[in-house]
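Each chain, letter by letter, is given below.
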Amino acid sequence: MLYATTTFWLLALVLMAGGVHHIWCGIVKPKTVNAALLPGSLIAQLGRVVALLITGATFGDGKNGQGGSPVAQPKTPIIGPVFVGLLPMIALGVVIFLAVSKLGMPVVAKLPPDKLATELPGTMPAFWDQLVGLIRLAEGALNAVRDAEIVRWQLVLFVYLLVCLTVRMAPVPGNLRGHVGAVLVVGVLAWLAGSVLTSLPDLIRSAWPMLALAIGCLILLLMMTLMIRAAVTTTKAVLNLN
């Protein structure tokens, strides 16, 4: 169950990141968004290019609409897109781990425990309890940042890196299936490795607070983004009435 739950939350993280990035690119030019998220954009793009080179992908003349990079055309129809989604995700995950380990442990220490379930809800009440828990997780992530005992500039740097790295977990336009497949591959590989490495479940549980922080950050960003988008759309509609 732990591996299935981890896979579910990783998939939720990728999809929420895609939602935030897509809405931001609808409000501001995609190049501006990607430039603002420069650390995450560089790592994601580097991982993507390396994956394309390894899979022997070719580049088309089209633009993907999210920054204007060439459209990738992997030669292998299934493995290629999955690998193109997998490598940037792993690279970003490693850097998130390093950022939390070096800068963000005081924030993680303030994060409320048990807000991100380690088991998928099996009943309707459990489902609603988990939704409420996610809202509490977003609140807890914000409070953890505010209450963290850390030097101010380090806190600002950590929050900036966390936002950049988590949002850039978004699937590359045109490769959503590849990213979803990459998450499923990670889950299957973890399940297979767990049958051999008995310490793997403990390693996953030790990294659970970092995953909870990333999920909480994205929920908070998604809520704020939707409110801003609603305010902008409503304002435009009111102005067009005059």
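Quick caveat: nothing in here was measured; it's all calculated off a predicted structure.

Considerations on the overall build of the chain
Broken down by element type, the chain carries eight helices and two strands. For the chain, the share of sequence-separated contacts (at least 6 apart) that also reach a separation of at least 24 residues comes to 80%. Measuring between centres, the 16 positive side-chain charges of the chain sit 16 Å from its 8 negative side-chain charges.

Regarding the packing of aromatic side chains
Summed over the entire model, instances satisfying the criterion amount to two aromatic pairs. Relative to Trp-9, the ring of Phe-8 has its centre 5.0 Å away and its plane inclined at 70°; by these criteria the two rings are edge-to-face. Judged by its relative accessible area of 41%, Phe-8 is partly exposed. Here the aromatic rings of Phe-127 and Trp-128 are separated by 5.5 Å at their centres, their planes lie at 70°, and the arrangement is edge-to-face. Taking the relative accessible area as the measure of exposure, Phe-127 reaches 37% and is therefore partly exposed.

Thoughts on the side chain of Asn-34
Structurally, Asn-34 can be placed in helix α2 (residues 30-36). A polar atom in the side chain of Asn-34 sits 3.0 Å from the side chain of Arg-168.

Let's talk about the nonpolar core
Membership of the largest hydrophobic core comes to 58 residues, with the highest contact counts inside it found for Trp-9, Leu-116, Leu-213 and Ile-215. Looking at this core, the elements with two or more residues in it are α1 (2-27), α4 (79-110), α5 (124-147), α6 (152-167), α7 (176-194) and α8 (200-241). A total of 14 residues in this core trace back to one element, the largest contributor, which is α8. For Leu-116, the contacting residues outside a window of four places in its chain are Trp-9, Gln-130, Leu-134, Leu-137, Trp-208, Leu-211, Ala-212 and Ile-215.

Overview of the pattern of salt bridges
Per the counting criterion, the structure on display carries two salt bridges. Glu-139 serves as the salt-bridge partner of Arg-136, at 3.1 Å between the closest nitrogen and oxygen. Of this pair, Arg-136 and Glu-139 are both found in helix α5, three residues apart, which corresponds to roughly one turn of the helix. Classification of Arg-136 by relative accessible area gives partly exposed; the value is 45%. Put simply, Asp-202 and Arg-205 hold a salt bridge, and the shortest N to O gap is 3.6 Å. Note that Asp-202 and Arg-205 are positioned in helix α8 at a spacing of three residues, about one turn of the helix. Asp-202 gets classed as exposed once you look at its relative accessible area, which sits at 52%.

Observations regarding a nonpolar patch on the surface
On the surface, Leu-38, Leu-42, Val-151, Trp-153, Leu-157 and Tyr-160 cluster together into a nonpolar patch covering about 590 Å² of accessible area. Sorting the residues of the nonpolar patch by element identifies α3 (38-55) and α6 as the ones contributing at least two each. Secondary-structure assignment places Tyr-160 in helix α6. When its relative accessible area of 37% is taken as the criterion, Tyr-160 is described as partly exposed.

Some remarks on the packing of α4 against α6
Where α4 contacts α6, the two axes come as close as 10 Å, and the packing angle between them is 155°. Classified by the interaxial angle, the pair formed by α4 and α6 is roughly antiparallel. Handedness of the crossing formed by α4 with α6: left-handed. Together, Leu-92, Val-95, Ile-96, Ala-99, Val-100, Leu-103, Gly-104 and Val-107 of α4 and Gln-154, Leu-155, Leu-157, Phe-158, Leu-161, Leu-165 and Thr-166 of α6 make up the contact between the two elements. Taken together, the residues that form the contact of α4 with α6 break down as twelve nonpolar, three polar and no charged.

Looking at the environment of Cys-217
Among the secondary structure elements, Cys-217 is positioned in helix α8. In sequence terms Cys-217 and Glu-119 are 98 residues apart; their C-alpha atoms lie 20 Å from each other. If near-sequence neighbours (up to four positions away) are discounted, Cys-217 is found in contact with Ala-141, Leu-162, Val-163 and Thr-166.

Section: the side chain of Ser-41
As for its placement among the helices and strands, Ser-41 is situated in helix α3. Among the polar contacts listed, one links the side chain of Ser-41 to the backbone oxygen of Asn-34, at a separation of 2.8 Å. Discounting chain neighbours no more than four positions away, the residues touching Ser-41 are Asn-34 and Arg-168.

As for the packing of α4 against α8
At a minimum axis separation of 11 Å, α4 and α8 run at an interaxial angle of 85°. Between α4 and α8, the interaxial angle falls into the category roughly perpendicular. Taking contact as the criterion, the partners of Phe-97, Val-100, Ser-101, Met-105, Val-107 and Val-108 in α4 are, on α8, Pro-209, Met-210 and Leu-213. Residue composition of the contact of α4 with α8, by class: eight nonpolar, one polar and no charged.

Each value, and the rule that gives it
Residues numbered from 1 in each chain as written. Predicted model: local features only at pLDDT ≥ 70, side-chain atom pairs only at ≥ 80, totals over all residues. Heavy atoms only, no water. Helix = DSSP H or I, 4+ residues; strand = E, 2+ residues; numbered from the N terminus. Contact = heavy atoms within 4.5 Å. Lys, Arg positive; Asp, Glu negative; His and termini not counted. Charge placed at Lys NZ, Arg CZ, Asp CG, Glu CD. Phe/Tyr/Trp six-rings, centres within 6.5 Å; stacked < 30°, edge-to-face > 60°. Buried < 20%, exposed > 50% of the residue type's maximum accessible area, 1.4 Å probe, protein only. Polar contact = N/O pair within 3.5 Å; in protein donor to acceptor, adjacent residues only side chain to side chain. Core = buried A, V, L, I, M, F, W, Y, C linked by side-chain atoms within 4.5 Å. Salt bridge = Lys/Arg side-chain N within 4 Å of Asp/Glu carboxyl O. Patch = residues over 30% accessible without salt bridge, like charges linked within 9 Å, V, L, I, M, F, W, Y side chains within 5 Å. Areas by Shrake-Rupley, 256 points an atom, 1.4 Å probe, with all protein chains shown as cover. Axes fitted to C-alpha atoms, helices over the stretch in contact; angles between N-to-C directions. Parallel < 35°, antiparallel > 145°, perpendicular 65-115°, else oblique. Left-handed = near helix turned anticlockwise from the far one by under 90°. Nonpolar A, V, L, I, M, F, W, Y, C, P; charged D, E, K, R; others polar.

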